[in-house]
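One letter stands for each residue in the lines below.
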Amino acid sequence: MSRGSSLKGKVVEPLRDFHKDEVRLIGRSLDLPDELVQRHPFPGPGLAIRVICAEEPYMEKDFAESGIILRIIVDFANAIKKPSTLLNKVKNGMSEEEQGRLLKTTLSADLSATLLPVKTVGVQGDCRTYSYVAGLSSDKSPDWQQLSFLAQLIPRICLNVNRVVFIFGGRIKEPIADITPTFLSQRVLATLRSADNIANCVLHESGHNSKISQMPIILVPLHFDRDPLSHQPSCQRSVVLRPFITSDFMTGIAAVPGKHIPEEVVNKMAHEIKTCVPGISRVMYDLTSKPPGTTEWE
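The notes below deal with the structure included here.

Cut-offs used in this document
- Residues numbered from 1 in each chain as written.
- Predicted model: local features only at pLDDT ≥ 70, side-chain atom pairs only at ≥ 80, totals over all residues.
- Heavy atoms only, no water.
- Salt bridge = Lys/Arg side-chain N within 4 Å of Asp/Glu carboxyl O.
- Helix = DSSP H or I, 4+ residues; strand = E, 2+ residues; numbered from the N terminus.
- Buried < 20%, exposed > 50% of the residue type's maximum accessible area, 1.4 Å probe, protein only.
- Patch = residues over 30% accessible without salt bridge, like charges linked within 9 Å, V, L, I, M, F, W, Y side chains within 5 Å.
- Areas by Shrake-Rupley, 256 points an atom, 1.4 Å probe, with all protein chains shown as cover.
- Phe/Tyr/Trp six-rings, centres within 6.5 Å; stacked < 30°, edge-to-face > 60°.
- Contact = heavy atoms within 4.5 Å.
- Polar contact = N/O pair within 3.5 Å; in protein donor to acceptor, adjacent residues only side chain to side chain.

## Topic: the pattern of salt bridges
Following the criterion strictly, the structure yields 9 salt bridges and no others. Among the salt bridges present, the one from Glu65 reaches Lys89, with a minimum N-O distance of 4.0 Å. Residue Glu65 is found in helix α4 (residues 63-74), and its partner Lys89 is found in helix α6 (residues 85-92); the two are separated by 24 residues along the sequence. Under the relative-accessibility criterion, Glu65 is labelled partly exposed at 41%. In this structure Lys89 comes out as partly exposed when scored by relative accessible area, which is 43%. Residues joined by salt bridges that share partners form a network here, namely Asp110, Asp139 and Arg171.

Now the structure itself:
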């Protein structure tokens, strides 16, 4: 019906060829209400695009070495005590100033690094890439400035990683070697809708909605905190918060808690999702800029 009306000149579709930032400029020029103009972009395919579906863990031949490089970076202060070929590779990817900053960061941060066996989309030049996710965790309260520095450094040195997340809930003690098989079922989509609703309600109630350009909430097939000796199957999933700041949606940065968005707002999102949404193992926070990551995970 709308197509027929469009051909007759009754329906005009002026926004089809504009980018997200240009649509907002048009909205302001038309004096549309701020709650419409500043509304976060919604993915065309729907929330389903934010479910990372998989049957098996993503573990290529480079998985083990990538994990070692990741741990060298995050434990650099101790790693430099034991020279190795991979340590030299890490050092060669940094300037002396960056090595000094990384040494200072890793002396105080007390972080654990876990390479996660899922692939997400990134961007290098004009091409899309699919690579691993690096997970950082700690028993201490996160220092978001230190985490942001590591999120910039890790993908540049460890080229098989295009995304870095902080994992709430304490240090990850066991590696993740399998996933929860995940498909677009009604139950899976309901889980994502619940998490998405909680996060966006918390953001809206905080009054910081306009400070964030877009906030994808992603469901990933990862079940943490399982004792490998118990042989407990992977049956839960985890949620990723992705508050993102951009002026043109072509490049952008992750919103840094304590700088762009209050820490208590982020902590409330994570707590309410973990306690109110059934079947959620952990909540994570995406710290990746664009590039190397994209706004969405898929």
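## A few points about a nonpolar patch on the surface
Together, Leu30, Leu32 and Leu36 make up an exposed nonpolar region whose accessible area comes to about 300 Å². Assignment of secondary structure puts Leu30 in the loop between α2 (20-29) and α3 (34-37).

## A closer look at the packing of aromatic side chains
Applying the stated criterion across every chain, the model contains 6 aromatic pairs. Look at Tyr58 and Tyr132: their rings are 5.0 Å apart centre to centre, the planes differ by 45°, and that puts the pair in the tilted class. Linking Tyr58 in the loop between α3 and α4 with Tyr132 in strand β2 (residues 127-137), this pair joins segments that are 74 residues apart in sequence. Summarising the aromatic geometry, the rings of Phe63 and Tyr132 are spaced 5.2 Å apart at their centres and angled 75° between planes, so their arrangement reads as edge-to-face. Of this pair, Phe63 sits in helix α4 while Tyr132 sits in strand β2, placing them 69 residues apart in sequence. What makes Tyr132 buried here is its relative accessible area of 1%.

## Things to note about unusual backbone geometry
Cis peptide bonds are those with omega within 30 degrees of zero, and the linkage from Lys290 to Pro291 qualifies with -10°. When you line up the elements, Pro291 lands in the segment after β8 (280-286). Residues Pro291 and Pro292 are joined by a peptide bond in cis, for which omega reads 10°. Note on placement: Pro292 falls in the segment after β8. Even without a glycine there, the phi angle at Asp31 is positive, about 60°. Relative to the helices and strands, Asp31 resides in the loop between α2 and α3. One non-glycine residue with positive phi stands out, namely His231, at about 55°. With respect to the secondary-structure elements, His231 resides in the loop between β4 (217-220) and β5 (237-241). Relative accessible area serves as the criterion here: at 67%, His231 is assigned to the exposed category.

## Brief notes about the environment of Glu98
With respect to the helices and strands, Glu98 occurs in helix α7 (residues 96-109). Apart from the residues within four sequence positions on either side, Glu98 is in contact with Gly93, Phe149, Leu153 and Arg156. From its side chain, Glu98 meets the backbone nitrogen of Ser95 in a polar contact 3.0 Å long.

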